[in-house]
Amino acid sequence: KSQKIVVSLLAFAFWYILETSLIEQHKKSFGRRKYMPKTKFENIVFTLFMSFLMVYAMICYNIALNMGCMSNQVFLLAFHELVIMWPVAFILEYFFVDKLAHYFAFKVVTPKDRPFFITLAISFYIICIMCPIMSLIATILFKTPDVQIISVWFMTILFNFPMAFFWQICYCGPTIRWLFGKLFN
């Protein structure tokens, strides 16, 4: 029993030292960089980049689902839908969804919380709002739902939400924030 306690304490100490050093390293290398927009122009650029990468990835995902496989052709086919869906996503995001997501996010977090958690909360609510709206638009424009529009829309949301969530949280969001920091730093 005492061996388990010693091993647990050593594991905790190792984790704490590693976590502390990673946080300090992160603060040194990223602490002064600007990742989020501060001006209206920066917000427009940020939203254009974010909506482009999200919409393009989601279109590729849906085309691959419809084809039953992923191929190089998917990346080219996606540009046909991108012309329609990217402006729609930008307008929705910039004028409506961003404000609504901030409203909901700040019911869960406060401005004093770590920026990481604030970003996660805002991203989560943006996904929760945008995914059903964009799925409805895609269902109407690119599928033939006829009288089954509600069920086709719900099925589209069920397929799209996990992809949108993990793509935004793990890849798209960090990539665009990094790029934004490089451009506006």
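Quick summary incoming for the structure in this document.

About the cut-offs
Residues numbered from 1 in each chain as written. Predicted model: local features only at pLDDT ≥ 70, side-chain atom pairs only at ≥ 80, totals over all residues. Heavy atoms only, no water. Core = buried A, V, L, I, M, F, W, Y, C linked by side-chain atoms within 4.5 Å. Buried < 20%, exposed > 50% of the residue type's maximum accessible area, 1.4 Å probe, protein only. Helix = DSSP H or I, 4+ residues; strand = E, 2+ residues; numbered from the N terminus. Patch = residues over 30% accessible without salt bridge, like charges linked within 9 Å, V, L, I, M, F, W, Y side chains within 5 Å. Areas by Shrake-Rupley, 256 points an atom, 1.4 Å probe, with all protein chains shown as cover. Salt bridge = Lys/Arg side-chain N within 4 Å of Asp/Glu carboxyl O. Axes fitted to C-alpha atoms, helices over the stretch in contact; angles between N-to-C directions. Left-handed = near helix turned anticlockwise from the far one by under 90°. Nonpolar A, V, L, I, M, F, W, Y, C, P; charged D, E, K, R; others polar. Contact = heavy atoms within 4.5 Å.

Moving on, we get to the nonpolar core. What tends to happen in soluble globular proteins is that the nonpolar side chains get buried as a cluster. With 24 residues, the main nonpolar core has Val55, Ile59, Met130 and Met134 as its most contacted residues. For this core, the secondary-structure elements that each account for two or more residues are helix H2 (40-67), helix H3 (72-108) and helix H4 (115-142). The next biggest cluster of nonpolar side chains, apart from the first, holds nine residues, and it includes Met50, Met54, Ile127 and Ile176.

On to a nonpolar patch on the surface, then. On the surface, Val83, Ile84, Ile140, Leu141 and Phe142 cluster together into a nonpolar patch covering about 460 Å² of accessible area. Elements represented by at least two residues in the nonpolar patch include exactly H3 and H4. When residues of the nonpolar patch are assigned to their parent elements, the largest contribution, three residues, is made by H4. Assignment of secondary structure puts valine 83 in helix H3. Given a relative accessible area of 63%, valine 83 falls into the exposed group.

What follows is about the packing of H2 against helix H5 (residues 149-184). Look at H2 against H5: their axes get within 9 Å of each other, and the N-to-C directions meet at 145°. Crossing handedness for the pair H2 and H5: right-handed. Residues belonging to the contact of H2 with H5 are distributed by class as follows: 21 nonpolar, five polar and two charged.

Here threonine 139 lies in helix H4. Excluding anything up to four places from it in sequence, threonine 139 contacts Pro145, Ile149, Val152, Trp153 and Thr156.

With that out of the way, let us pick up the environment of phenylalanine 96. Mapped onto the elements of the fold, phenylalanine 96 is located in helix H3. On a C-alpha basis, the gap between phenylalanine 96 and isoleucine 129 in space is 9.9 Å, while along the polypeptide they are 33 residues apart.

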